Amino acid sequence: MARYELVKRSVALITLTNPPVNALSSAVRHAIAKSMDHALNDPKVTAVVICGENGRFCGGADIREFAGPLRGPPLVPLLDAIEAGEKPVVAAIEGVALGGGFELALVCHYRIAHFKARLGLPEVTLGILPAAGGTQRLPRLIGIPAALELITTGRHISAQEALKLGIVDQVTEQNACEVAVEFALRAVAKPLSSRRVSMLTTPCPPDLDGLLEAVTMQVKKKARGVMAPLACIQAVRAAATMPYSKGIKRESELMATLFNSGQARALQYCFFAQRTAGKWTLPSGAQWNNSKPREIRSAAIIGLGTMGRGIVVSLARVGISVIAVESEKKLLETGKQMVIGMLERDAKRRGVSASLNLLKFTLSLQDLKDVDLVIEAVFEDMALKKRVFQELSKVCRPATLLCTNTSGLDVDALAGVTDRPHLVVGMHFFSPAHVMKLLEVVCGPRSSSETIATAMILGKRMGKVSVAVGNCPGFVGNRMLKPYLDQATFLLEEGATPEQIDKALEDFGFAMGVFRMSDLAGLDVGWRVRKESGLTGPDVDPKNPPRRRQGRRYCPIPDMVCEQGRFGQKTGRGWYMYDKPGGTNAKPDPLIQNLLEMYRSRYGIQPRNISDQEIIERCLFALANEGFRILEDGIAARPEDIDVIYLFGYGFPRHGGGPMFYASMVGLERVLERLEHYHQAHPDVPHLEPSPLLKKLVACGSPPVQKWREHIKTMHSHL
Ligand SMILES: C/C=C(\C)C(=O)SCCNC(=O)CCNC(=O)[C@H](O)C(C)(C)COP(=O)(O)OP(=O)(O)OC[C@H]1O[C@@H](n2cnc3c(N)ncnc32)[C@H](O)[C@@H]1OP(=O)(O)O
């Protein structure tokens, strides 16, 4: 867990050996304590260097240990003892120094960083705070404003930035460990008192209260309802106003308020869920670690609408040659200008040069004959997409992968019109595609494991979180959205307002309430889908009761809103009104209030007061209930996959963990009971009927999310 060697006859070199990130597990802490004791007591040793094996200093505490009781030496006294030692200790930082790893470096008397190293205190992203002295030492070393920023955001910084801030003493392009050993030899016999960060006086800004207040406001605005950043601010205040001995106690008290909180559990779950999602697996036995992805050097995008442009940018900025195709000259020219502008702005922001030389724009599909992969991003129309795929089959070489960026159409139907169904896969990007991190990789029944592996890895290369999902209408994300949206509109019928529902969801932590989100996405898309499915429009049988379709409850209010030309932000009117078309400042619209009142009186609905609790329960439990059905149907392999989709694609708050984790946190029994209650009250809403999997899990004693899979195993998989 830590290797101890004597180098240059007098330097004790302690190497952390806990792959993959040298996390500070109990065994590692124990090994550090033993090695330090040895080094400090061995008269041959004049200095100590601490480094990590395999070019990684330390990824912090072992997060997996948080769930159990503390074993092994606690970190704070261990780190305090290193700092207090009478022999100089130098941290040789390669790879990462994060969380407890960074705090370990802070107690060393000197820090040498490799130029590619990254440092940070990401504890806040796990719902906790840097409680091994980080909130007390960092402000003493770099001042309150800079420390506050790093601690409340969890941002990783480069070695160069760390040098500028005064966190590290030297940045090197050579082997940091070797440089640190030489440095340590030179440090022998130099006084250490000024190198003990906990002994420094925190440089205090003139208006400490004003600064803390401003940061508190910022944090509250950015992360509504999230506890950890606020606790971080209080801990940093302690660093400014208390001696270290008291500050460290305050840090520990604040940590105690967070450590076992639901938010911390949810955020730590998110960390692992994100990593689990990359480990896709098919019932055939093909999976992430036994399927070889193809190397993609060139790609083509068909369609330069909003999605197509974003996808071109995502590919080009990671060095893939892209041929962009449009059907008309004017559209091609507009798309080209937009893509170039987006790439230039992106490159400027990242301080690199725009990879414009990788782009080619054309009107001819013939130009695609040699590309490795095509992503079709034309209008969401099955007939049109089929024509494109038939054409691609003729034009592209037989080995070219054909992908469709559809948000819900049948990927296998498209595969069926090609000469290579095994090379067809869905790549569902989210808008704007160059910004949004989520990619649903839709596996058709005939998609080969090589094709899936290629799409998953390509997503990762573009910086996306790729999740493999099965092929059904709406896949995972949009399929689950339907019951969620339905509940919101039913609540409108029953007496709620768009702003009341949005506020309840935003207070819960969603980035945007359902109506503001719909206005942003555009209301016309859903309206067209409903017309095509025969739910609204001239094809609806007039004998149909107005609020029932296909044997179940239907709310026509969204159709009525669209009939007035209110398509959301882009038309300046939707569920809200905006200053102008394209405006973003949503204001309640009296016309919508009138519409709702007239609607209710037309159908004899007596509006009632609806509590925020009912809004949250009906929207979120219906959402999770569909998630259970998705698991039963084998459209998602694991609850973690569903949660990752909702976290990265639909603005579900991370501190809620995602719809499935949230359901487990509320308690599956309670979710079942509330769904039964609401289904009884609304028997014509099948989405409220508890799913068989939910009932089965409750019957099995509500196991934790990570164990649900054991109860789904026997069910059919569409992956
Ligand atoms: C009090 C609290 C204290 C003192 C703390 O220190 S809290 C922990 C603070 N540290 C972090 O939050 C760092 C978390 N890790 C990362 O950000 C990244 O893993 C990384 C930047 C260190 C490396 O990234 P990458 O190369 O992309 O690798 P992965 O993220 O895929 O990770 C590889 C596997 O290692 C597991 N892992 C990573 N960090 C930890 C950790 N601190 N504790 C336990 N396990 C960790 C990660 O889950 C991956 O596992 P597998 O998926 O391969 O099983």
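Procedures and definitions
Residues numbered from 1 in each chain as written. Predicted model: local features only at pLDDT ≥ 70, side-chain atom pairs only at ≥ 80, totals over all residues. Heavy atoms only, no water. Helix = DSSP H or I, 4+ residues; strand = E, 2+ residues; numbered from the N terminus. Rg over C-alpha atoms; globule rule 2.2 N^0.38 Å. Contact = heavy atoms within 4.5 Å. Near = heavy atom within 4 Å. Polar contact = N/O pair within 3.5 Å; in protein donor to acceptor, adjacent residues only side chain to side chain. Core = buried A, V, L, I, M, F, W, Y, C linked by side-chain atoms within 4.5 Å. Buried < 20%, exposed > 50% of the residue type's maximum accessible area, 1.4 Å probe, protein only. Salt bridge = Lys/Arg side-chain N within 4 Å of Asp/Glu carboxyl O. Domains from an automatic or database assignment. Nonpolar A, V, L, I, M, F, W, Y, C, P; charged D, E, K, R; others polar. Axes fitted to C-alpha atoms, helices over the stretch in contact; angles between N-to-C directions. Parallel < 35°, antiparallel > 145°, perpendicular 65-115°, else oblique. Pairing = 2+ DSSP bridges. Phe/Tyr/Trp six-rings, centres within 6.5 Å; stacked < 30°, edge-to-face > 60°. Lys NZ or Arg CZ within 6 Å of the ring centre and 35° of its normal. Left-handed = near helix turned anticlockwise from the far one by under 90°.

Chemist: Even after reading the chapter, I still don't get the overall build of the chain, so can you show me in this structure?
Modeler: In terms of regular secondary structure, the chain is built from 28 helices and 19 strands. Against the globule reference of 27 Å for 719 residues, the chain gives a C-alpha radius of gyration of 28 Å, in line with a compact fold. When its C-alpha atoms are laid out on the principal axes, the chain stretches across 95 × 60 × 55 Å. Sequence separation of at least 24 residues holds for 71% of the intrachain contacts in the chain that already meet a minimum separation of 6.

Chemist: Honestly, the site of the ligand in this entry has me stumped. Any pointers?
Modeler: Near the ligand you find 24 residues, and of these Arg56, Ala61, Gly100, Arg275 and Lys279 are the closest. Between isoleucine 63 and the ligand, the recorded distance is 3.0 Å, taken from a backbone N or O atom to a nitrogen atom. Here an oxygen atom of the ligand and a side-chain polar atom of arginine 275 are 2.6 Å apart. Those elements that provide at least two residues to the shell around the ligand are α3 (100-107) and α11 (262-277).

Chemist: Explain the nonpolar core here, please?
Modeler: Soluble globular proteins: nonpolar side chains tend toward being buried together. Within the largest apolar cluster, 104 residues are counted, with the highest numbers of intra-cluster contacts made by Leu368, Ile501 and Leu620. Apart from the residues within four sequence positions on either side, isoleucine 501 is in contact with Ala488, Leu491, Leu492, Ala496, Val514, Phe515 and Ile615. In this structure, Val45, Ala113, Ala117 and Ala132 belong to the second largest nonpolar core, which totals 64 residues.

Chemist: It is not clear to me how the pattern of salt bridges should be interpreted in this structure. Could you clarify?
Modeler: Any two side chains of opposite charge can pair, on the condition that their charged atoms come close. Applying the stated criterion to the full structure yields 50 salt bridges. Glutamate 182 is paired through a salt bridge with lysine 8; the nearest N and O atoms lie 3.1 Å apart. Of the two residues, glutamate 182 sits in helix α7 (residues 176-187) while lysine 8 sits in the loop between β1 (2-7) and β2 (11-16), which places them 174 residues apart along the sequence. Ionic pairing is found between arginine 297 and glutamate 295, a salt bridge with its closest N-O pair at 3.5 Å. There is no split in this pair, since arginine 297 and glutamate 295 are both exposed. Via salt bridges that share partners, Glu493, Glu494, Arg547, Arg553, Arg608, Glu614 and Arg618 belong to a single interconnected network.

Chemist: I would appreciate a short explanation of the domain arrangement of the chain in the present structure.
Modeler: Where interface size is given, it is often the accessible area lost as the parts come together that is meant. With domains assigned, the chain is organised as domain 1 (2-259), domain 2 (298-470), domain 3 (496-602) and domain 4 (612-634 + 637-711). The C-alpha centroid of domain 4 is placed 33 Å from the C-alpha centroid of domain 2. The partner domain 4 presents six residues to the 10 residues of domain 2 that form the contact. Applying the counting criterion to the domain 2 and domain 4 interface returns zero salt bridges. One can count zero residue pairs in polar contact (both at pLDDT 80 or more) joining domain 2 with domain 4. Taken together, the elements giving at least two residues each to the side of domain 2 that touches domain 4 come down to β16 (438-443) and β17 (465-470). With four residues, β17 is the largest single contributor of residues to the side of domain 2 that touches domain 4. In terms of residue class, the side of domain 2 that touches domain 4 is made up of seven nonpolar, one polar and two charged.

Chemist: I would appreciate a short explanation of the packing of helix α23 (residues 612-632) against helix α27 (residues 692-699) in the present structure.
Modeler: Between two packed helices, both the angle of their axes relative to each other and the distance between the axes serve to describe the pair. The interhelical angle for the contact between α23 and α27, taken along N-to-C directions, is 90°, at an axis separation of 7 Å. Classified by the angle their axes make, α23 and α27 are roughly perpendicular. Residues Asn625, Phe628, Arg629, Leu631 and Glu632 of α23 lie in contact with α27, whose contacting residues are Pro692, Leu693, Leu694 and Leu697. When grouped by side-chain class, the residues that make up the contact of α23 with α27 number six nonpolar, one polar and two charged.

Chemist: Help me understand the side chain of serine 291 in this model?
Modeler: Among the structural elements, serine 291 can be located in the loop between α11 and β10 (298-302). One polar contact links the side chain of serine 291 to the main-chain carbonyl oxygen of glutamine 287, over a distance of 3.0 Å. Engagement of the side chain of serine 291 in a polar contact is seen with the side chain of asparagine 290, the distance being 3.2 Å. Excluding residues within four positions of it along the chain, serine 291 makes contact with Trp280, Ala286, Ser449 and Ala453.

Chemist: How should the sheet that holds strand β5 (residues 96-98) be read in this particular structure?
Modeler: Two orientations exist for strands paired in a sheet by backbone hydrogen bonds: parallel and antiparallel. Taken in spatial order, the three strands make up an open sheet running β5-β7-β8, and their pairing is mixed. Across the chains shown, the open sheet's two edge strands, defined by having one partner strand only, are β5 and β8 (157-158). Along the sheet, α3 makes contact with β5 and β7 (118-120), crossing β5 at roughly 95°.

Chemist: What is the right way to read the packing of aromatic side chains from this model?
Modeler: Here the structure, examined in full by the defined rule, presents 15 aromatic pairs. Plain terms: the ring middles of phenylalanine 628 and tryptophan 708 are 5.1 Å apart, the flat faces sit at 35° to each other, and that makes the pair tilted. One end of the pair, phenylalanine 628, is in helix α23; the other, tryptophan 708, is in the loop between α27 and α28 (709-712), and 80 residues separate them in sequence. Each of the two residues, phenylalanine 628 as well as tryptophan 708, counts as buried. Every member of this aromatic cluster is reached through a ring pair, and the members are Tyr484, Phe508, Phe510, Phe652 and Tyr662. Looking at arginine 275, its charged tip hangs above the ring of phenylalanine 271, at a distance of 3.7 Å from the centre.

Chemist: What am I meant to see in the environment of leucine 423 here?
Modeler: Positionally, leucine 423 belongs in the loop between α15 (411-415) and β15 (424-429). Considered as a pair, leucine 423 and isoleucine 248 are 175 residues apart in the sequence and their alpha carbons are 58 Å apart. Filtering out sequence-adjacent residues up to four positions away, leucine 423 remains in contact with Arg294, Pro398, Ala399, Thr400, Leu401, Leu402 and Thr451.

Chemist: What should I look at first to understand the sheet that holds strand β14 (residues 401-404) in this one?
Modeler: Strand order across the open sheet formed by eight strands is β12-β11-β10-β13-β14-β15-β16-β17, with mixed pairing between neighbours. What marks the edges here is a single partner per strand, and that holds for β12 (359-362) and β17. In this sheet, neighbouring strand axes are inclined to one another by 25° on average, regardless of whether the strands run parallel or antiparallel. In the sheet, β10 pairs with strand β13 (residues 373-376) via four bridges, with the strands oriented parallel. The residue bridging isoleucine 301 from the neighbouring strand is isoleucine 375, located in β13. Taken strand by strand, helix α16 (residues 449-461) contacts β13, β14, β15, β16 and β17, and its axis lies near 175° from that of β16.

Chemist: So what exactly am I meant to see when it comes to the packing of helix α1 (residues 26-41) against helix α2 (residues 75-84) here?
Modeler: Between α1 and α2, whose axes approach to 11 Å, the crossing angle comes to 25°. By the angle between their directions, the pair α1 and α2 is classed as roughly parallel. Here α1 and α2 pass one another in a crossing that is left-handed. Together, Arg29, Ile32, Ala33 and Met36 of α1 and Leu75, Leu78 and Ile82 of α2 make up the contact between the two elements. Here the residues of the contact of α1 with α2 are counted per class, giving six nonpolar, no polar and one charged.

Chemist: Would you mind going over unusual backbone geometry with me for this structure?
Modeler: The bulk of non-glycine residues show a negative phi, and the bulk of peptide bonds are trans. A cis amide bond links proline 19 with the next residue in sequence, proline 20, at an omega value of 5°. One can find proline 20 in the loop between β2 and α1. Residue proline 432 follows serine 431 across a cis peptide bond; omega there is -5°. Mapping proline 432 onto the fold places it in the loop between β15 and β16.

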